[in-house]
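Secondary and tertiary structure notes
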Amino acid sequence: MSVVIAEEQQSSEPLEKIEDPANEKEPSAKGNSDYSQVAIVNKCDERSDSVPVAVSGTDVAEGEQFFDWLREGLNRGDISFNGKADKIHVIAGYVFLPVPGIFFDYLKATGSTIQRESIQASFERLNLHKRRDNRRFYFAQLYDTPDKSGRFKRVKGYLVKSRRVYRKTIPQDSQFILFP
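Residues numbered from 1 in each chain as written. Predicted model: local features only at pLDDT ≥ 70, side-chain atom pairs only at ≥ 80, totals over all residues. Heavy atoms only, no water.

Quick notes on the nonpolar core
Convention followed: Among buried residues, the Ala, Val, Leu, Ile, Met, Phe, Trp, Tyr and Cys ones that are joined through side-chain atoms within 4.5 Å form a nonpolar core. Type-normalised accessible area, obtained with a 1.4 Å probe on protein chains alone, sets the label of each residue: buried when under 20%, exposed when over 50%, and partly exposed for intermediate values. Numbering of helices and strands starts at the N terminus; helices are DSSP runs of H or I of at least 4 residues and strands are runs of E of at least 2. Here, two residues are considered to be in contact whenever any of their heavy atoms come within 4.5 Å of each other.
Ranked by internal contacts, the top residues of the largest apolar core, which has 24 residues, are Leu-70, Ile-88, Leu-97, Phe-103 and Phe-123. Elements with a minimum of two residues in this core: α1 (57–76), β4 (94–98), α2 (101–110), α3 (116–125) and β6 (152–161). Take this core: its biggest share by element is five residues, from α1. The residues touching Ile-88, leaving out its near neighbours within four places in the chain, are Leu-70, Leu-74, Ile-79, Ser-80, Phe-81, Asn-82, Val-95, Phe-96, Leu-97, Pro-98 and Ile-102. Within the second largest apolar cluster, 10 residues are counted, among which are Ile-91, Tyr-138, Leu-142 and Val-155.

Given below as structure tokens:
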């Protein structure tokens, strides 16, 4: 399984390729685009909230399977979003993924027997989610009404760039979620 991780280029620092030490194949000839065991990561960027690391295919396989399930489900319409009773919401160019609920939904939908914590940790190693001050989660208020008045419940989750999730058109922002 191929692993390629590329963060948005936030600085003029070039991307670098890091070979997986577990790769037993000989290095490919120059000009060959065989990246079967290569992770592409951003060099340390002072403005980045996550520390770039090389990861092996086995460390992120569960997270990739989860993210593929999520992306396919949202794009096909199997997973609902932006509604009053929905867990997933699109806001300001990001998709809000509530934890741990979204991982339990994945386990239920796929019938997987893997521990939720293992899948969540594997997803985090993909570094697809936004971080702030080394915090993994963002807290939001999920309201009962679209005008964001009245009762709400506090939720926590990951923020993932919408364009990483949606193939074509990014949906409009949710009317039920607010980040204080």
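Quick look at the packing of aromatic side chains
To keep things clear, this is the line we draw: Aromatic pairing here means that ring centres of Phe, Tyr or Trp (its six-membered ring) are within 6.5 Å. Orientation follows from the plane angle: under 30 degrees is stacked, over 60 is edge-to-face, and everything else is tilted.
Summed over all chains, the structure comprises 13 aromatic pairs. On the numbers, 5.4 Å between centres and 80 degrees between planes, the contact of Phe-66 with Phe-123 is edge-to-face. Within this pair, whereas Phe-66 is found in helix α1, its partner Phe-123 is found in helix α3, the two being separated by 57 residues in sequence. For the pair formed by Phe-66 and Phe-123, the shared burial category is buried. Among the aromatic residues, ring-to-ring pairing joins Phe-66, Phe-67, Trp-69, Phe-103, Tyr-106, Phe-123, Phe-137 and Tyr-158 into one connected group.

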